[in-house]
Amino acid sequence: MTDQTARATRFRDLHEGPEPLLLPNPWDAGTARLLASLGFDALATTSLGVANQAGRTRATRQEVLDNCRVISEATPLPVNADLENGFADDPAEAAKMIADACACGVAGVSIEDATGDRRTPIYGFGLAVERVRAAVEVARGLPVPLVLTARAENLLYDAGDLDDTIRRLQAFEEAGADVLYAPGLRTLDEMRAVVSSVGRPVNVVMGFADPAITLEQLAEIGVRRVSIGGALARFALGSFLDAAKQMRDGRFGFVADVPPMSELYRAFKPYSAP
């Protein structure tokens, strides 16, 4: 068994654990190692975090793949790759992104039905399902048992209601997706409706949800995986901006909240990737 196969197998098993899998989203090797030092069991990339590093609102296909490799090599933890829409509309072309991400060392991948086009933000139902089916076919043909997540994005773009979200997720499940994911669920009732309508593990992203919801509540309604999307990256940038504004105004109180270098150095100790 290769190291990547072991990670993918471990990642799959984590979805069946006694409590929901917490899946934080680093954006570079340093943040990946910091999260690993805190005891998380797995990590996920964030395409928004990658884009923000480059000073843009969207990353390129190659930047996303390069980041998959960087995060995968930074720690021994399984990594789930945010591949957006595969950077292609055609199902077969989009599915190629899965094989390329696998070559970068990831343990899981996600494919979404958002087009990246503001004029028509969500793929039609038939094409969306065809894209997931093509992704499943590619994933199943790889030597690594990747965990494939299918995402229904309509709630983020006001392009459909919860019933449409559930219809899509059910079709994605039938097409063979391992995990189902609907960014934009905000309440426990919405999350419960999704979880009860499908038979595969459901990922909830708390970056868009009511922040008062607890992990215990998510476990009670059957959520199996909890991510944060680009929220950690945005929080870090927000803290950076607050500190920079203080400095611009000639104040330096933020220095009192800077973590000690020793804490960072413990997380950044050398790790030899396989």
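Note on numbering: residues in each chain are counted from 1, in written sequence order. Only residues with pLDDT of at least 70 are given local features in this predicted model, and only at 80 or more are side-chain atom pairs given and counted; all residues enter the totals for whole chains, interfaces and linings. In computing side-chain values, all of the structure's heavy atoms are included and hydrogens and water are not.

Observations regarding the overall build of the protein
Right, so step 1: Scanning the protein for helices and strands turns up eleven helices and eight strands.
Right, so step 2: Across its three principal axes, the protein shows a C-alpha extent of roughly 55 × 45 × 40 Å.
Right, so step 3: Within the protein, buried positions represent 48% of all 274 residues.
Right, so step 4: Considering only intrachain contacts with a sequence separation of at least 6, the fraction spanning at least 24 residues in the protein is 68%.
Right, so step 5: Surface exposure here means Shrake-Rupley accessible area, sampled with a 1.4 Å probe, where a residue is shielded only by the protein chains that are shown. Here the protein displays about 13300 Å² of accessible surface, and carbon together with sulfur accounts for 55% of that area.
Right, so step 6: Of the charged side chains in the protein, 28 are positive and 37 negative; the average position of the first set lies 4 Å away from that of the second. Each helix is a run of DSSP H or I of at least 4 residues and each strand a run of E of at least 2, with the numbering of both proceeding from the N terminus. Relative accessibility decides the category of a residue: with a 1.4 Å probe and only protein chains considered, values under 20% of the type maximum give buried, values over 50% give exposed, and everything between is partly exposed. A contact between two residues is defined here by any heavy atoms of the two lying within 4.5 Å. In this charge count, Lys and Arg are treated as positive and Asp and Glu as negative; neither His nor the chain ends contribute. Charge positions are represented by NZ for Lys, CZ for Arg, CG for Asp and CD for Glu.

As for the pattern of salt bridges
Right, so step 1: Just to be clear on terms, a salt bridge is a Lys or Arg side-chain nitrogen sitting within 4 Å of an Asp or Glu carboxyl oxygen. Taken as a whole, this structure holds 14 salt bridges when the rule is applied.
Right, so step 2: For the salt bridge of D3 with R7, the shortest nitrogen-to-oxygen distance reads 2.8 Å. One end of the pair is D3 and the other is R7, both in helix 1 (residues 3–14) and four residues apart, which spans about a single turn.
Right, so step 3: Measuring nitrogen to oxygen at the nearest pair gives 2.9 Å for the salt bridge that ties D178 to R140. Taken as a pair, D178 in the loop between helix 7 (162–175) and strand 6 (179–181) and R140 in helix 6 (residues 125–140) lie far apart in primary sequence, 38 residues in all.
Right, so step 4: The network of salt bridges with common partners includes R12, R140 and D178.

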